[in-house]
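Topology and contacts: notes
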There are 2 protein chains.
Amino acid sequence: MIDPQAEDISPIQPLITYFEKLVSLPEAMKKLIIKETTSVVYKKNKFIVSPIDLEDAVYFIVKGAVRGFVKDSGQQITTWISVEDNIVGTFSNDSPFKVEKNDYIQTIEETEVIVIPYQLIEMLYLSFHEMSIIGRKVLKFHYHESKERNFMIRLPTTERRFARLRQTHPHLLSRIPLQHLASYLGVRIETLSRLRSRIGRDSH
Amino acid sequence: MIDPQAEDISPIQPLITYFEKLVSLPEAMKKLIIKETTSVVYKKNKFIVSPIDLEDAVYFIVKGAVRGFVKDSGQQITTWISVEDNIVGTFSNDSPFKVEKNDYIQTIEETEVIVIPYQLIEMLYLSFHEMSIIGRKVLKFHYHESKERNFMIRLPTTERRFARLRQTHPHLLSRIPLQHLASYLGVRIETLSRLRSRIGRDSH
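Residues numbered from 1 in each chain as written. Chains lettered and ligands numbered in written order. Predicted model: local features only at pLDDT ≥ 70, side-chain atom pairs only at ≥ 80, totals over all residues. Heavy atoms only, no water.

Considering the relation of the copies chain B and chain A
Here chain B sits on chain A after a turn of 180 degrees about the axis and a move of 0.0 Å along it, with an RMSD of 0.0 Å. Seen this way, the second copy is the image of the first under a two-fold rotation axis. Of the C-alpha atoms belonging to chain B, the one lying closest to the rotation axis is found on B:Arg136, 2.1 Å away. Interface overlap between copies: 100% of the residues of chain B at the interface are likewise at the interface in chain A, consistent with a symmetric, same-surface contact. (Least-squares fit on C-alpha atoms with pLDDT ≥ 70 in both. Contact = heavy atoms within 4.5 Å.)

Next up, the structure:
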């Protein structure tokens, strides 16, 4: 913590490592990313994104867990849950749909994120073709996640939805509070509580 | 139809035009796309993709309408509906989830598609950085569509789901047969039938 350079670089290294799993990065690109991103820690239950924000960034989760939800006539509908080593954002700054902005991202645990401004992303797209490869691979992963959520929530019974989530995202079951899991699964808390206590045990 | 070159190129032109809205294409890239893609017409209710296929391509819809569905214990769950000027595919050849393949794409109308082999896409990614830009923009659009489906289906009432679909995809309401719309909206055909006849009229 005394070497100033180490202080500059170390908080952003998890993002560099994440990107380098997707494509090898030119030094100039790494330098720009390290210069233009910042590490921020949010306490539990804080809002990273809400409709009143300008929403000018996406967020790499270094440590913690967050949920995305939409407010529908007072009710919160949890549409996704994500944990460390993922990039999250509402990505709605250029949504093709003419609909009001109504996206929230809230921390479920104390969460450390690296803030990646859209301005930086646009700069990287213009200067480094590697960024298009990263963007494509990250979006492909997000598309698969969204497709999976879309299928899971359409399963007709709580048992099937829970079984599907357990098959695709087992790490969430023991970690995410019941009320958020229930909202995400579109089921009543009591129903999920019984299921989780019954099935949850087998998964250990 | 007499000029042989025109015959070669014309069936693929809609795909070239679609790509060129996303990024300007090098001549060599256009030539390769035209050489390695084929135009195919499927009659109504035919399968473009099913789990027994090798699924080695994605499809640009030139004309027509298709639906994606998944079989869940005998039941067909329609998870998306798409029409001309869109690229469709199950994109599950590299799904991050260890789950059985169970994706179907079926034509709702007689549908003309341009078959884009994954092998060509990989070739284009290696040879033309423009392809990464196209891939990113197409995936971004698909992500937004999937995110919208995921939200729409979580709305608690048939009225809200229908209103949301009408707001984001009005063109589907009068065009897509009732049973597919109902499955996509996760509601009973009778319920949707009443709603559509009531609300549908106002939208004209």
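Focus on the interface of chain B and chain A
Taken together, the contacts link 48 residues of chain B with 48 residues of chain A. Across the chain B/chain A interface, buried area totals approximately 4200 Å², and carbon plus sulfur atoms make up 58% of it. For the pair chain B and chain A, the number of links is 4 salt bridges. A salt bridge links A:Lys147 to B:Asp103, with the shortest nitrogen-to-oxygen separation between them at 3.3 Å. Looking at the side of chain B that touches chain A, the elements with two or more residues in it are strand E4 (65–72), strand E5 (75–83), helix H5 (129–152), helix H6 (158–168) and helix H8 (178–185) of chain B. When residues in the side of chain B that touches chain A are grouped by element, the largest group, 19 residues, is from H5(B). Taken together, the residues of the side of chain B that touches chain A sort by class into 17 nonpolar, 17 polar and 14 charged. (Buried area = accessible area lost by both parts, 1.4 Å probe. Salt bridge = Lys/Arg side-chain N within 4 Å of Asp/Glu carboxyl O. Helix = DSSP H or I, 4+ residues; strand = E, 2+ residues; numbered from the N terminus. Nonpolar A, V, L, I, M, F, W, Y, C, P; charged D, E, K, R; others polar.)

Comments concerning helix H2 (residues 13–20) of chain A
Residues and elements named next belong to chain A. Of all the residues in H2, the buried ones are Leu-15, Ile-16, Tyr-18 and Phe-19. The arc that holds every buried residue of H2, seen down its axis, measures 160 degrees, which confines them to one face. The secondary structure elements touched by the buried residues of H2 are helix H3 (27–36), strand E3 (57–63), strand E6 (86–88), strand E8 (111–117) and helix H5 (129–152). (Buried < 20%, exposed > 50% of the residue type's maximum accessible area, 1.4 Å probe, protein only. Arc of directions from axis to C-beta.)

A look at the side chain of B:Thr168
Residues and elements named next belong to chain B. Note on placement: Thr-168 falls in helix H6. The buried category is assigned to Thr-168, whose relative accessible area is 12%. Side-chain polar atoms of Thr-168 contact the side chain of His-169, separated by 2.7 Å. (Polar contact = N/O pair within 3.5 Å; in protein donor to acceptor, adjacent residues only side chain to side chain.)

Points about the environment of A:Gly64
Residue position: A:Gly64 is located in the loop between E3 and strand E4 (65–72). Contacts of A:Gly64, omitting those with residues within four sequence positions, involve A:Ser82, A:Val83, A:Glu84, A:Glu109, A:Glu110, A:Thr111 and A:Arg175.

Considering the packing of aromatic side chains
Following the criterion strictly, the structure yields 10 aromatic pairs over all chains and no others. Between A:Tyr18 and A:Phe19 the ring centres are 6.2 Å apart and the planes differ by 45 degrees, which places this aromatic pair in the tilted class. Note on A:Phe19: relative accessible area 3%, which makes it buried. With 4.7 Å between their ring centres and 5 degrees between their planes, B:Phe69 and B:Tyr104 make a pair best called stacked. Separated by 35 residues along the polypeptide, B:Phe69 in strand E4 and B:Tyr104 in strand E7 (residues 103–107) bring together distant segments of the chain. An identical accessibility class is assigned to B:Phe69 and B:Tyr104; each is buried. The positively charged end of A:Arg136 is found above the aromatic ring belonging to B:Tyr125, 3.4 Å away from the centroid. (Phe/Tyr/Trp six-rings, centres within 6.5 Å; stacked < 30°, edge-to-face > 60°. Lys NZ or Arg CZ within 6 Å of the ring centre and 35° of its normal.)

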